[in-house]
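Spelled out from the first residue to the last, the chains are:
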Amino acid sequence: MIQKHPKTLLTVITEAVLEAALVRDLRELGAQGWTVAEVHGSGSEGTREGAWEADRTIEMKVICDAAIADAIAGHLLSTYSTNYSLVLYFSAVSVVRPDRY
Amino acid sequence: MAIDVVVFFFILGVFARLVKSDLRLPEALYETLSIYLLLAIGLKGGIELSKQPLAALAPQVLACMALGFAIPFLLFPLLRLMRLAAADAAALGAHYGSVSVVTYAVATAALAREGIPFESHAALWVAVMEAPGLVAGILLARWAQRGAQAGGPRRAGGWGALAHDVLFGKSVLLLMGGLLIGALAGEAGTAPIKAVFVDPFKGVLALFLLELGLVAGGRLAEVKRFGAAVLVIGLAVPPLLALAGAGVGLALGLSTGGVAILATLAASASYIAAPTAMRIAVPEANAALSITAALGITFPFNIVIGIPLYINLARSLTA
């Protein structure tokens, strides 16, 4: 059986205009990699259809150590949650090459 | 004045949205069309630029920039009187201070159809009018916030990031790039690409307006949410600003068509550059309010009713 290592997957769903700022934050807080996809959907703040450029939403996934995921989430909450649509959640994941995250 | 054929496509888009049709233009097509329109508008203006001395255009460029910069300052006190929050008034001002390239394109199509000549380098005015209104709106928002506690949420970007996003953002980059390519290559140099960038322009504009109709139709539901205030702003602000634009056009000694275009540019509201810039620079402003006014009300008003009005205004002012 292949050896697995526990890591935290932090998923962030927010407005696409924040992407550049988020990437900067993730780097500063020690994340080693992330994946970004464009999504659309609806939530407590209303519907974001992504129908044109100023209305896009992104989903950002970061796999990292639990402490780093906490630091990132804390920073995002204090910096952006007042004025931007922001969804965050943590999942426990297993990886095979832990040094990559 | 009859409605220009491209406007029917916009109305079709709004209709499709209202009847909940599943019509949706693919994202990639929307992107392609917008890149095409920006480049084609820039190229067309650039070809004309190659025919005249650049120094003579300096007063027009400066006046256009000043007009864009002044609009938020003009609107801010009026919107505050309507009891809008300072951040919302500033952000709305920025939307109206900046310009809508598609509204410009529809105005030039209407002028061409009416046989009214206009300064063919007018694309240059569009390119320089995108940024000043945004800067003014941000200045107003920062000024209104002075004294507010510094410990509030951090902003996503400073002036440097904003300048980068506006100057090197898609719309200014493509418009300016097109202007430059057109000016350098001239009429003869651009002849080989004319079949792509000049002849099909109006058809592409029609397709893009179909998409914008779908988007604007989606904003109509939001009008109810904000009530009469957003209707008043979206309908009353454009004619008011058109008067200011026409005044500047007259002062510059522009032709009838030129006055109509400057009136249209002043009356138009940005719904691409401004919402993005305001989200970053003035995040406390209500984005849905500005977008509903700019895209849900002002844009349809301008292309269906406003542009014919502004052309008549220019006619009577320059008669």
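This text follows the structure it describes.
Residues numbered from 1 in each chain as written. Chains lettered and ligands numbered in written order. Predicted model: local features only at pLDDT ≥ 70, side-chain atom pairs only at ≥ 80, totals over all residues. Heavy atoms only, no water.

Engineer: Is there a simple way to explain the interface of chain A and chain B in this structure?
Structural biologist: A common way to state how big an interface is: give the accessible area lost once the parts meet. Taken together, the contact between chain A and chain B spans 22 residues of the former and 22 residues of the latter. Both sides of the chain A and chain B interface together cover about 1,900 Å² of buried area, and 46% of this is carbon and sulfur. Ranking the residues of chain A by area buried against chain B places Trp52, Glu53 and Asn83 of chain A at the top, with a combined share of 35%. Run the count over chain A and chain B and you get 3 salt bridges. Close ionic contact of Arg56 of chain A with Glu27 of chain B constitutes a salt bridge, the shortest N to O distance being 2.5 Å. Our count for the chain A to chain B interface comes out at 5 residue pairs in polar contact (both at pLDDT 80 or more). Contributions of two or more residues to the side of chain A that touches chain B are made by helix H1 (19-29) and helix H2 (66-80) of chain A. Partitioning the side of chain A that touches chain B into residue classes produces 8 nonpolar, 7 polar and 7 charged. (Contact = heavy atoms within 4.5 Å. Buried area = accessible area lost by both parts, 1.4 Å probe. Salt bridge = Lys/Arg side-chain N within 4 Å of Asp/Glu carboxyl O. Polar contact = N/O pair within 3.5 Å; in protein donor to acceptor, adjacent residues only side chain to side chain. Helix = DSSP H or I, 4+ residues; strand = E, 2+ residues; numbered from the N terminus. Nonpolar A, V, L, I, M, F, W, Y, C, P; charged D, E, K, R; others polar.)

Engineer: Explanation requested: the pattern of salt bridges in the structure shown.
Structural biologist: Any two side chains of opposite charge can pair, given that their charged atoms come close. Tallying each qualifying case throughout the model produces 16 salt bridges over all chains. Its salt-bridge partner being Glu222 of chain B, residue Arg225 of chain B comes within 2.8 Å of it at the nearest N-O pair. Residue Arg225 of chain B and its partner Glu222 of chain B are located together in helix H10 (residues 201-226), separated by 3 residues, close to a single helical turn. Via salt bridges that share partners, Glu38 and Arg56 of chain A together with Glu27, Glu31 and Lys170 of chain B belong to a single interconnected network.

Engineer: How should I be thinking about the sheet that holds strand E2 (residues 35-39) of chain A in this particular structure?
Structural biologist: Strand-to-strand pairing in sheets goes through backbone hydrogen bonds, with the strands running parallel or antiparallel. All names here are of chain A. Strand order in the open sheet formed by 4 strands is E2-E5-E1-E6, and the pairing between neighbours is antiparallel. Only two strands of the sheet have a single partner each, and these edge strands are E2 and strand E6 (86-95). Sheet twist, expressed as the mean angle between neighbouring strand axes with direction ignored, is 20°. Relative to strand E5 (residues 57-64), strand E1 (residues 5-15) runs antiparallel, the two being bridged by 8 bridges. Residue pairing in the sheet places Thr8 in a bridge with Cys64 of E5. Set on the sheet, H1 makes contact with E1, E2 and E5; between it and E5 the angle comes to about 10°. (Pairing = 2+ DSSP bridges. Axes fitted to C-alpha atoms, helices over the stretch in contact; angles between N-to-C directions.)

Engineer: What's the story with H10 of chain B in this structure? I'm lost.
Structural biologist: All names here are of chain B. The end-to-end C-alpha separation of H10 is 36 Å, in line with the 38 Å expected for 26 residues at 1.5 Å each. If you look at H10, its biggest bend is around 25°, right at Leu220. Once H10 finishes, Gly227 follows within two positions and takes phi at roughly 75°, a positive value. (Expected span 1.5 Å × (residues − 1). Bend = angle between axes of the 7 residues up to and from the residue.)

That's the geometry; what it means functionally is another story.
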